[in-house]
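# Chains, contacts and geometry: an overview
Okay, here's what each chain looks like letter by letter:
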Amino acid sequence: MENWQAILSVVTFISVIVLVMTEWVHLTIAALLGALLLVFTNVMSLQEAVGYIGRSHGTLGLFFGVMVLVRAFEPTKIFDYLATQIVLIAKGQGKRLLLGIVAIVTPICAVLPNATTVMLLAPLIPPMAQEIGINFVPLLILMVLIANSAGLLTLVGDPATFIVGDAVNISFTDYLFKLSLGGVIAIVIVIATLPFLFRKIWNTQLDNLEELPHPQINHPRVLSIGAVIVFFVLLFFVIGESLPVPISPAAAALLGAALALLLSHHSKIDSVNNILRDVDWSTLIFFMSIFVLIGGLEKTGVINGLSGVLAAILGKNITLGSLVLLFSVGILSSVVPNIPLVVGMVPLLKQYIVTVGLAPAEILAQDFQGQFPPEVLPLFYAMMFGATLGGNGTLVGASSNIVAAGISEQHGRRISFKTFLHYGIPVMVLQLVASALYVLIRFLL
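Let us look at the structure shown here. Because the structure is predicted, anything quoted here is derived from the model rather than measured.

### Describing the overall build of the protein
- Counting its secondary structure elements, the protein contains 23 helices and zero strands.
- For 445 residues, the compact-globule estimate of 2.2 N^0.38 gives 22 Å, and the protein sits close to it at 22 Å.
- Over its C-alpha atoms, taken along the principal directions, the protein stretches across nearly 70 × 50 × 45 Å.
- Scored against the burial criterion, the 445 residues of the protein give a buried share of 56%.
- Within the protein, contacts between residues at least 6 apart in sequence are counted, and of these 80% link residues at least 24 apart.

### Some words on helix 14 (residues 220-239)
- In this model helix 14 runs 28 Å from its N-terminal to its C-terminal C-alpha over 20 residues, within 8% of the 28 Å that 1.5 Å per residue would give.
- By the burial criterion, the buried members of helix 14 are Val-222, Leu-223, Gly-226, Ile-229, Val-233 and Phe-237. The buried residues of helix 14 occupy an angular sector of 115° when the element is viewed end-on, so they sit on one face. Facing away from the buried surface of helix 14 by more than 90 degrees, the exposed residues are Pro-220 and Arg-221.

### Some thoughts on the nonpolar core
- Core analysis: the largest hydrophobic core is formed by 153 residues, its most contacted members being Leu-139, Tyr-352, Ile-353 and Phe-380.
- Excluding residues within four positions of it along the chain, Tyr-352 makes contact with Ser-307, Leu-310, Ala-311, Leu-314, Gly-315, Lys-316 and Leu-379.

### So, the packing of helix 19 (residues 318-333) against helix 21 (residues 377-390)
- Viewed as axis vectors pointing N to C, helix 19 and helix 21 meet at an angle of 20°, and their least axial separation amounts to 7 Å. One element, helix 19, and the other, helix 21, form an angle in the roughly parallel class. Handedness of the crossing formed by helix 19 with helix 21: right-handed. Residues Ile-318, Gly-321, Ser-322, Leu-325, Leu-326, Val-329, Gly-330 and Ser-333 of helix 19 lie in contact with helix 21, whose contacting residues are Pro-378, Leu-379, Ala-382, Met-383, Phe-385, Gly-386, Ala-387 and Gly-390.
- Taken together, the residues that form the contact of helix 19 with helix 21 break down as ten nonpolar, six polar and no charged.

### What to know about the environment of Glu-74
- Tracing the sequence through the fold places Glu-74 in the loop between helix 4 (57-72) and helix 5 (78-90).
- Take Glu-74: its relative accessible area is 34%, and that puts it in the partly exposed class.
- Expressed as a C-alpha distance, the spacing of Glu-74 and Asn-273, which sit 199 residues apart in the sequence, is 14 Å.

### Quick notes on the pattern of salt bridges
- Evaluated as defined, the whole model comprises five salt bridges.
- Here Arg-71 and Asp-270 are joined by a salt bridge, their closest N and O atoms 2.9 Å apart. Taken as a pair, Arg-71 in helix 4 and Asp-270 in the loop between helix 15 (249-267) and helix 16 (272-277) lie far apart in primary sequence, 199 residues in all.
- With relative accessibility at 13%, the residue Asp-270 sits in the buried group.
- In this structure, the salt-bridge partner of Arg-277 is Asp-278, at a minimum N-O distance of 3.6 Å.
- Since its relative accessible area comes to 57%, Arg-277 is described here as exposed.
- On the accessibility criterion, Asp-278 (40% relative accessible area) is partly exposed.
- The network of salt bridges with common partners includes Arg-71, Asp-270, Arg-277 and Asp-278.

What counts, and at which threshold
Residues numbered from 1 in each chain as written. Predicted model: local features only at pLDDT ≥ 70, side-chain atom pairs only at ≥ 80, totals over all residues. Heavy atoms only, no water. Helix = DSSP H or I, 4+ residues; strand = E, 2+ residues; numbered from the N terminus. Rg over C-alpha atoms; globule rule 2.2 N^0.38 Å. Buried < 20%, exposed > 50% of the residue type's maximum accessible area, 1.4 Å probe, protein only. Contact = heavy atoms within 4.5 Å. Expected span 1.5 Å × (residues − 1). Arc of directions from axis to C-beta. Core = buried A, V, L, I, M, F, W, Y, C linked by side-chain atoms within 4.5 Å. Axes fitted to C-alpha atoms, helices over the stretch in contact; angles between N-to-C directions. Parallel < 35°, antiparallel > 145°, perpendicular 65-115°, else oblique. Left-handed = near helix turned anticlockwise from the far one by under 90°. Nonpolar A, V, L, I, M, F, W, Y, C, P; charged D, E, K, R; others polar. Salt bridge = Lys/Arg side-chain N within 4 Å of Asp/Glu carboxyl O.

Quick look at the structure:
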């Protein structure tokens with residue numbers, strides 16, 4: 001491939017990342033224009049661009065399905081009810097309020113994308129915090145830190161986790177046995193920092209709890225049926241890929257979305273048009289565009305060249321490679337959104353292990369469904385931990401961070417970059433060190 005096309009692909013990708021980091025242009029517009037630039041400069045055809053999007057159909061299907069599933073049950077007020085319980089569980093004590101946020105957010109973010117959960121629960125925190133006279137900014141930051149950390153509990157808890165897991169063909173069940181403990185450790189670290197980073201709220205005695213709004217759950221029968229749908233979706237997440245006819249997490253999520261739409265339509269709690277209108281199309285288009293940009297790097301040979309550099313530095317040293325990846329990806333992920341970072345790193349890492357002879361060239365095939373050599377998996381696990389936990393470092397490290405910042409500003413307080421650093425950097429550093437020890441002990445020693 002000609003050098004100018006490779007240079008254009010790199011410059012376009014870096015430019016999009018810079019625009020996303022600085023927020024000069026909306027991230028979806030930046031990514032879409034970057035992808036179209038590659039098409040109109042003939043770096044790739046439109047058909048090839050659509051092909052690169054199709055290669056990531058599992059990720060897109062999972063996101064869309066979960067978005068529809070969650071939005072369909074908003075009229076039941078279940079999320080308002082849960083948010084109220086966060087404060088009521090506190091029983092007048094700041095420490096219980098903080099632990100209540102952890103208790104509510106953790107299980108939800110284990111099965112739903114963290115940005116979606118923050119989008120639903122975060123708007124309910126400011127008015128409740130104002131009612132009881134405390135600053136809601138630390139509460140929103142805590143929600144984000146827990147949401148990002150809890151994404152490591154399951155294969156579908158975080159977009160970056162799913163992308164890496166899908167790339168190495170790890171099943172939902174295998175993930176639970178091998179990697180979920182790393183997510184538990186990440187959450188425990190956040191809890192351990194509460195008395196220090198959130199000292200003021202931790203020592204606060206809350207009052208006026210009787211003045212809080214007490215939302216009631218609407219449409220309990222519809223919600224009961226919805227709970228059954230969600231149960232079976234989660235069940236298929238766990239056992240779907242081991243069935244005689246395998247069902248992927250994306251297919252399970254899409255089936256759940258279809259059933260939720262059917263339930264909403266026939267119960268008349270909401271219309272199909274309203275639900276689909278509220279789907280986060282901006283995020284979906286952003287992901288599609290990023291997949292095209294990564295495809296440009298792959299087609300022009302940039303990824304192959306970078307894998308050669310990685311091979312020259314690390315050789316076949318899996319232990320060194322895992323630790324270097326975990327910390328370098330973690331640091332990068334604190335300033336670069338982890339989704340495009342992971343999308344770019346996966347093919348780079350695959351090419352590297354083929355280049356140094358740790359895996360056969362077959363793994364580079366688009367439709368490869370076999371098992372990766374067990375000795376190379378720690379590299380992917382390390383990248384997964386680094387990308388997910390690195391997002392806790394700064395305000396722009398993860399999509400859920402940006403969502404929380406926007407909600408905070410809507411309620412009259414801006415979460416500054418410096419304020420987030422005060423909470424995020426200590427948590428991120430502790431989590432990366434703990435994750436490195438976990439990967440080292442669990443998979444390398």
